[in-house]
Structure formats: structure tokens, C-alpha cells
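A look at the structure
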Amino acid sequence: MFRFLMKGMLRDRHRSLLPSIVVAMGVLLTVFMFCYMKGIFDDFFNNAAMYDSGHVKITSRAYYAEKDVLPNDLALEDGPGLMEMLRSEYPDLQWSERVKFGGLLDAFDENRETRAQVGAGGIGIDFFGPDTAEQNRWNLRAGLQEGTLPQKPGDILMGKTLAGQMHLSVEDDVTLISSTVNGSMVLNNFHVSGIIYFGTPPLDKGVFLADINDVKAMLDMGDWSSEILGYFNSSHYDDLQAEALTMEFNAAKSDSTDRFSPLMTPMLDDAGLREYFGYASKAGSIMSFIMIFAMGIVLWNTGLMGAIRRYGEMGLRLAVGESKGHVYRSLIVESLGVALMGTIVGTIFGLGFSYWLQEVGFDIGSMMGDSQMLMPTIIRAHITPAAFYIGFFPGVFATLLGAGLSGLRIFKRDTASLFKELET
Amino acid sequence: MRNLLPFLLLGAMPGMLMAQPDAEQILRKIDKQMVTESAEATATMVITNRRGRETRITSRSWSKGENTSLVEYLSPAREKGVKMLRLEDVLWMYTPQADRVIQISGHMLRQSVSGSDLSYEDMVDNGKLLDLYDAAVVGEEIFMDRACYVLRLRAKEGSDEVTYAQRKVWVDKTRYLPLKEERYAKNGTTLLKNFEIRSVQKIGNRWYPKEMYFKDVLAKGQGTLYIIDDIKFDVTIPEYMFTKAALRE
Amino acid sequence: MILFKLAWRNLVGAGLRTWLNVLVLAMAFILMIWGKGVVDGMAYQLNDAMTNIEFGKGGQIWHSEYDAMDPLTIEDSHAAYPEEVNTLIAAHTAAPILIRQGTIYPDGRMQTIKVKGIHPEQEVMDLPTDQIVKGATGLTPALIGQKMADKSGLEVGDLLTVRWRDAKGTFDAREVEIVHIMNTVVQTVDRNQIWIPLDELQEMSNLQGEATVIALDDPFEGVPASAAWVYRDLDFLMKDMNDMIKSKNFGGNVMYGILFAIALLAIFDTQVLAIFRRKKEMGTLMALGFTRAKVIGLFTIEGSMHGLIAFAVGFILGSPLFYLMTTKGYAIPGGMDDYGMALGNVIYGRYGPDLLIGTTFILFLTVVLVSYLPTRKISKLTPTDALRGK
């Protein structure tokens, strides 16, 4: 029977091609829409995790209380010991140290006289550690506009707008005026090895990245750690997991009477995004549901009509002696074939477009101008495992449901009236 | 009785004059002790940070007149070689690590030095009280076992760039050192900074502070101790030392 | 007219199929208007909050040195009011604001803040400045925002020591009494700042008759005569917000595009199938004297009527939703103001006539187009073949 149906479908283009194209289009839209929404949602929170909060963050209690002013003098002691403990006791996460600090960047001329001074924020990240994941996490290679990633101590990457504003280019030296954790003023020279485009205006305008060891030395921090960021291997934030880990860690390692004991904070609390996260995930689910539902109706409609327009043929088949059940089954199998073909093609194309938007992204920076908002200017999709099967709900189930429902009329009507429909 | 009154007044007058010596005289004497024509000194600053830990910073300084001075840090190791040059109202800073001379301007002048209770302004302050303040003797008290005049200082009308508009000063009656000072805001009631001379030393025939204590009253903290380990007055300092170019040498 | 009647009968006759298509179209229609209305409402609220609370409806005149993003510029940013605004100030249609830097010590911790002086009786900015009146203590009264109060642990009646430098660099300090805490969604009038009477700040900082910015009720015409002042219109002041709205709009537009595509797919699908299936009907119509154009017209009208019915259904189903969105609003937990957006806990949708008519018009036009496109095949039809269903 299958071969017979296949032949029929292949020969009658209207019976197979058009419905398949419609299903494929519908599924493509569903998959793309799903990945697009997921991408916008994840980007917002990934940005917060990547640049600022990690999935969980460990600081001293005293540091956390004043974190807005970057109180590096209240950092955790024995950073290496802590890191070692974290890596051995919590190996499910990737741990990275960060130091954030502020200061004046001072560009100078050939006589070493000040040429331009701009207030800037620095972030010390682990560029050179043996198994550092920070370069990938920051997506530095992709963002690099000129020059190279830091090759040696003293190298920094500068935000594109900031570098432009100070007329700094690759290979220039620049002095940072800041103060150490002891409050002493410090001047430190850095070498601009590369200019980077973060795609987030406040970072492009006011941030440079330096190696964490240089920063610690400059700020006289010894082996202290200001912030230790933990990232789940899945690279996406899982709030339940983060909450459970935080409870466990703080119960075991934190001492509420000791201001300098470590304190873990989940990303949503550190970034103050907890309520927003709940709201956004709910809104996202509702949107997805509505979209899939609407698409379901469209494809159901397709399935329905695919069957309705063949009532005449069914009448003929019943007249020549096929049983109603057999006609119905063949209808279902046929529409399953159409639905599967359409859905698979649609999913492939949907994933393809999404992949393009995930990897290349769409830069709306020119529309955003010089926004101060910590918001990515590149819109990206995000393909999750769900994207591989989400299209099957409207694509297969809805189409089958439509065909199945309309096919039921085979049982209701008598052969004569179905046969008659052939005439109209 | 009525005849007696002028008499009593007459008799009292010299006494009052003695009890309240000319405040200007006192200021002049303080300036003579505290303000130096030229000096070379080694000093240690003891700072307690927010974690309750003590840091000691030693420095050598050269000064000439009221507005020219040079400070070079000697220790701790990472501060060694850092120099600060004050020429009139401009402060220059040099660090050997960066090999840069950078002007410390405006708001940075008001930052605390090395987390201490002193600002860069306080550090380079060598002005004469007499030029900046009008004074009045408001009483006498014993402070740290020394008999003191208590003076109320108010910034002179139209005087420029006085950091503290009012001060209350306890001046040692015989050594003419300001053993204790309360430095007030312009409103005269908000106490901003406390200053004490905790011990003194005699260099030649001049009394000079040995240990000084500064405390920013509004902020939490332990205060800062400033110890003068060694000081020489009226030294000859080569002029080129007070140039920007010399900082990098 | 006969075409419309026929089309209507055909549609009603098709029953379930028609209603499914109508439902999809109506849903897409409602969703598009709903979403667009939320974004419009958000933009309106942001715009409204920022113009009324943060800037003043006519923009601001800034001291030429002043840069709102750079606190280092505050020290030198002050000058006597520009002459042009003196009458406006008297008429309460301009409000001079002096901004100085100060230091407070909540809990013994040094915190740098902006001290802003403003006339308590001003009416340009929508701030409760009329609350800045001396309390029982007779001290300088100060107005602060809720976030500032939370961060620094301040309550109404608390006394706060503020230290600052006057124009000559002399330290001064004063105790101010917190007389009012305002709840505002605009962080730039809340965080790290206190509001006190302008006269007192001018006296405190020895800057009588001077200001840093002048908020205006009406846009300023021309250029201020004094080079010390620059007019900043709302486009300049609201650039960040407008950029953000644009990005929201972009994201929204992609969603509309997808909704559009879904709706059109439904119509297209129906039309193609109908034209394939109803050839005999077409032949019959032609035999009865319909021209090809008329047949095309009939099928296009049939397709387009889906749209018309969908709009009717959409308006009926959507109206209660839009009404609720406009009156009760859409609650966001915690509000958006923490994330730098001047929005409260509730976003109100805005469903103006231009949005409703515009969306309807565009969607209808596209429905007509999509209904028409597949019918072009009809023009190749010969009545005899059609009658036989070929």
C-alpha cells in the first residue's frame, strides 16, 4: 500500500507538493520564530552572566554589600586556595576570577605628556591561564576589530568607541591612573594590543579588558580575589540549579558573622533580574504557545482541505469496493507522509535560517546609536534542542488532526453522496 | 563705690591683657614654629585600612617656601620612587613603573593619600595661618598636661582657597605648637577633621611636632598617624629638584 | 454587488473552513495590534515620564561645560541664568537648577552625591518640589527619591550631614532634614542625589543667581545669547530612550512579520486549493456569461472577505482585551525602573486610531493581494475545459 500511495503522491503534485510546501513554510516560520525569541531572551540574560554576574558569583560578604562601588579592598583572601577548592569540590562549573575597577585613562604623546584623559572602567579577566574559557566566553575573537588578542602581560583590549574617543590605536601605550586597594594612587602603563567591538554600547564606550594578573599586581591585591564567577557547563542559566548550589555552598562555606567569608549569589539576584526573569520567561512561553497554536490552526486547515477536496475520489474508491476503514487509513498515512516531509523540510530550513542568525547575527547598532543601555545591538537567534522538535506539533499533529477529522466524514456519508461530490 | 569703679577697671585691665594675649601674636609664633623656609625631612605615615590592618609608608620630602615641595616615597617597595611635586597650585605625580609625570588636578587633589585621613591638599599645605585667618583667644585649657591658649580661627574676608573656614586651636603656651585642632566647615558647627600633636621634638632651638594624628570625623576609621623621623631646617636644596624634568631622573 | 452576494454565500457555505481561516486571521490581527499597542504605550509612558519628570516639556538649556554623563564637569558648570529666560522663570515656565557635588556619610561611609537646587514653587518638572519646605527643625529641607532612601537608609525626619566645597574650595557642611521621599520611576532624579531649595544651594555654594541647567516648558527658539549656555532639545536629551524604543520596535517588527506570514499562509493555502478545486464552478460561471475578470473578482472578493470577517471578529474579541490593556494596564512584577527604564509596575497599552486603522489597512491590503495572486491562473482558463474540470 505504501508504494502505491507514494506513487500517487509523487504523480499528483497537487496532492503532495503544495500541501508539503505549505506545511514546510508553516514549520519554517514556527522554528525560526521559536529560535528568534529564544535568542533575544537568552542574549539578554547571557549578557548579564557573561559580562557581570556569572551564573553564580562568589565575593566576600563585605564586598557584596558595597558591590556598586567596586570595593576591591574588601576582596576575598587566598584566591588561589578558593579557586582550587571550587575546582575540586564543584567541578560541574567553570570558575573564573574577575576584578572590576575604575580609573582615568591617560593617553600621551611622544614626550610622554598627557594628550587626552577619559574616565573608564577596567575588567581584569584571565587571558593566559592554562585552561581559561574567558576568551570564548567574551567571544573576543569575533569582536576583535583590529590588532590581536593580548599576547603578553600588559596587553589590553579597548572598547571601540573608547579607543576612538582617545585617538588610540593598536600598539599604542596608555597610562591608567587608579588607586590600589590600600588607597595609594597608582599609574600603570598598558599596551593596546587590540580594539574590540562588544556590541553593547556602554562597554564599547567605556571599558577595556586587561589580564587579571596585571590588574591584581597594579591594585596591590596580592592573592586576593574580588569576584569569582561560576558558569554551568550548559552555558545557559538554570535558576533552580543555581539556587540549590547557592544554598549548599553558603551553608558549607559562608559564615554570617565574618564579613570576609565567601558568599555565593545566583545571577538573578546579583544582577537584580529575578523578577524580570520570571516575567520574561512567562511572556516568552505564552508567545510561543500562541504562535504554535495559530500555526497549528493553519496547518490543521491544510490537512482538512487536503482531505475534503478528495471526497470525490474517496467515493469512487468506496464504489469500487474499498472498505471505509481502508480508505481512511490510506488518507491518514498519506497526510502523515505529506506532514512529515513538510515538517522535516521546514525544520531544516527553519534551523538553517536560525543558524545563520545565531552565528552571523543581525546588527541593529546603527539604529541604536549611542545608547547607554547595557543591551546587545546584535540580534541573534538561539537554537535549543526544542527547536528540533517544536515544528512537529503544528507540522505533523495539526496536519494529521485536520486530515483525520475531515476524513471521518467518510464514515458518515454514504458512498453515493461522496461519489456525487466528484461531479461538482 | 562709684569712685572705686574706674580704679577697679584700671586694675583689672593689665590682668585682662595678660590673660588674653594678642591672638595675632600667637599665630605669628605658631607660624614661626610650623612654617619652614626650607626643610628636608623623613617621615612615616601609619594608616589603618578598613580591614583593620596597618600600613606604614615612609617618605623623604624637601620644601621651600609655602608653595614648593617635593615628596619621594621610600617604602613600601611598590611605592618606592614615586614622587610628588607641588609647584604653586599644581601637583605633579611621577611613578617609575609608568615613567610618566601626570598632573593631579581638581578633584584628585581632594582624594585621600594612600587611604589615609589626609588629602593631597593636606599633605602639601604649608601656608601661614596668619595670612589666612583672623584669630581670637577664647579661653585657656590644659591639654595633654600642657597649658594651652584656646584660639578660634576664622578665614579672612576675601581670602582665597581656605580649605577649612574655621578652626579651634589649642596652642601650647610656652612652645607655641598647635597641640590640638578642630577643623570646621564654613558653617562653624560641623566638625570635619581632628588634628593632634601627640609628641614633640626640639630641633636646634625650635619645637616641632614629632607625631601627628589626623582623623576625618565624618568617616568611620582609625585615623592616621604621621611621624616625623628626622627633619632638618634651612637646608639648601638645588633649584632643579623642584622641576618637572627632575622628576623623571 | 452580485459578486459580493455570491462570495458571501460561498463563504458561508464553506462553513468550518471559512471560520478556521477567519479565526487565524483574527488572532494574528489581535496579536499584532495588542503587541504594537504595548510597545506604543511603553514608549508613550517613557516619553511622558522623561519629558515631564526628568527634563521639562520644552527641553533644557545647559551650561556649555555640562555633560550629564560626566560628573567631572559639574564643578565648573555654573553661570548666571541666561537673560532670555528671566521672564520665563518669573512666569514659572522655566526652572533653573543648580547642580553641585557633595559628600554624605551614611553609616560612616563616604558617598559622593549630587546636590540639586530647585525652586520649590517651580511647575516645569513634575517633581513634588512643593514638599521642600522647612520642617520643625528649621534646617534646610531636602527631597530624595525612594531608591536613594533605600540605599542610604534614610527616612522622613532624618538629619543628614552634607559636605561640599564652595566655589573657592572651602569645605562647608550643613545638616539637612529629609522632609519628603518621592516615589519616581525616573532614576536620574532619584539615585545619588538630594533636592534642596535653589536659594539655599546658591547661598551655600556662593553662586547667587547661577544655575547649571534650565528646564523649559516650551522649546527654546534660536540660540542663547550667552556662549555659556547651549539649548538641548528633547531629541538630544532623549536619544538613549529613542534608541531603545527603536530596538524594541525592531524586535517587535520581526514578530509582526511572522504573524503576518502565518495569516497570509492561511489565505494563500485556501485560495490555491479553491482555484484548483472549483474549476467546474468557474466554467459554469463563465458559461452563464461571467467574464474572466468577473470570475477573478469573485474569487478575490471571496478571499478578501475572510479578511473583512476576521476584522469584525477581531474587533469583537479584541475590544475587551484592548479596553483592559488601556484601563487596567499590564502589570510587570517589580517594575522596569530598576533596569534603567522609566516605567512603573504597570504598562498601559495605547490603541489609537492610527494604529487600528493602519494595521487593518495594511493587513487587508495584503489579504487582497494574496487572494488575488493565485486567481491569475483563471485568466488562462477556457470555459470548455473548465466545465469539464480540467
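Residues numbered from 1 in each chain as written. Chains lettered and ligands numbered in written order. Predicted model: local features only at pLDDT ≥ 70, side-chain atom pairs only at ≥ 80, totals over all residues. Heavy atoms only, no water.

1. What to know about the interface of chain A and chain B
Each partner contributes residues to the interface: chain A has 31 residues there, and chain B has 24 residues. Interface area for chain A against chain B, summed over the two sides, is near 2200 Å², with a carbon-plus-sulfur share of 44%. Of all residues in chain A, Arg112, Met185 and Leu187 of chain A bury the most surface against chain B, accounting for 34% of the area lost on that side. Across the pair Asp73 of chain A and Arg50 of chain B runs a salt bridge whose closest N-O atoms are separated by 2.9 Å. The interface formed by chain A and chain B contains 17 residue pairs in polar contact (both at pLDDT 80 or more). Elements with a contribution of two residues or more to the side of chain A that touches chain B: strand 2 (93-108), strand 3 (114-125), strand 6 (173-179), strand 7 (185-196) and helix 9 (212-218) of chain A. The biggest single contributor to the side of chain A that touches chain B is strand 7 of chain A, with five residues. For the side of chain A that touches chain B, the residue count by class is 13 nonpolar, ten polar and eight charged. (Contact = heavy atoms within 4.5 Å. Buried area = accessible area lost by both parts, 1.4 Å probe. Salt bridge = Lys/Arg side-chain N within 4 Å of Asp/Glu carboxyl O. Polar contact = N/O pair within 3.5 Å; in protein donor to acceptor, adjacent residues only side chain to side chain. Helix = DSSP H or I, 4+ residues; strand = E, 2+ residues; numbered from the N terminus. Nonpolar A, V, L, I, M, F, W, Y, C, P; charged D, E, K, R; others polar.)

2. Notes on the pattern of salt bridges
Residue and element names in this part refer to chain A. Tallying each qualifying case throughout the model produces 34 salt bridges over all chains. Across the pair Arg98 and Glu134 runs a salt bridge whose closest N-O atoms are separated by 2.6 Å. Of this pair, Arg98 sits in strand 2 while Glu134 sits in helix 5 (residues 134-137), and the two are 36 residues apart along the sequence. Each member of the pair, Arg98 as well as Glu134, is classed as buried. With a shortest N-O distance of 3.1 Å, Asp155 and Lys152 are connected by a salt bridge. Here Asp155 falls in the buried class, since its relative accessible area comes to 2%. Given the relative accessible area of 43%, Lys152 is considered partly exposed. Counted as one network, the salt bridges with shared partners bring together Asp52, Lys57, Lys67, Lys100, Glu227 and Asp270. (Buried < 20%, exposed > 50% of the residue type's maximum accessible area, 1.4 Å probe, protein only.)

3. Side note on the domain arrangement of chain C
Each domain of chain C was delimited in the assignment, giving domain 1 (2-52 + 240-387) and domain 2 (60-232). Computed over C-alpha atoms, the centres of domain 1 of chain C and domain 2 of chain C are 51 Å apart. (Domains from an automatic or database assignment.)

4. What about the packing of aromatic side chains?
This model, assessed by the stated rule, comprises 22 aromatic pairs over all chains. On the basis of an interplanar angle of 80° and a centroid distance of 5.8 Å, the ring pair of Phe101 of chain A and Phe208 of chain A is categorised as edge-to-face. With Phe101 of chain A in strand 2 and Phe208 of chain A in strand 8 (residues 207-211), this pair connects stretches of sequence that are 107 residues apart. With centroids separated by 5.1 Å and ring planes inclined at 70°, the aromatic side chains of Tyr208 of chain B and Phe233 of chain B adopt a geometry described as edge-to-face. Here Tyr208 of chain B is found in strand 12 (residues 206-216), whereas its partner Phe233 of chain B is found in strand 13 (residues 224-233), with 25 residues between them in sequence. (Phe/Tyr/Trp six-rings, centres within 6.5 Å; stacked < 30°, edge-to-face > 60°.)

5. Quick word on helix 10 (residues 353-372) of chain C
Residues and elements named next belong to chain C. Taking 1.5 Å as the rise per residue, helix 10 with 20 residues should run 28 Å; its terminal C-alpha atoms sit 28 Å apart, in good agreement. Of all the residues in helix 10, the buried ones are Leu355, Leu356, Thr359, Thr360, Leu363, Thr366, Val367, Val370 and Ser371. Seen from one end, helix 10 has its buried residues packed into an arc of 140°, which puts them on one side. Exposed residues on helix 10 whose side chains face more than 90 degrees from its buried face are Pro353, Asp354, Ile357 and Phe361. (Expected span 1.5 Å × (residues − 1). Arc of directions from axis to C-beta.)

6. Description of the packing of helix 1 (residues 2-14) of chain C against helix 9 (residues 292-327) of chain C
All names here are of chain C. Their axes nearest at 9 Å, the elements helix 1 and helix 9 cross at an angle of 60°. By the angle between their axes, helix 1 is oblique relative to helix 9. The handedness of the crossing between helix 1 and helix 9 is right-handed. Of the residues in helix 9, those touching helix 1 at Leu3, Phe4, Leu6, Ala7, Trp8, Asn10 and Leu11 are Lys294, Leu298, Ile301, Glu302, Met305, His306 and Ile309. (Axes fitted to C-alpha atoms, helices over the stretch in contact; angles between N-to-C directions. Parallel < 35°, antiparallel > 145°, perpendicular 65-115°, else oblique. Left-handed = near helix turned anticlockwise from the far one by under 90°.)

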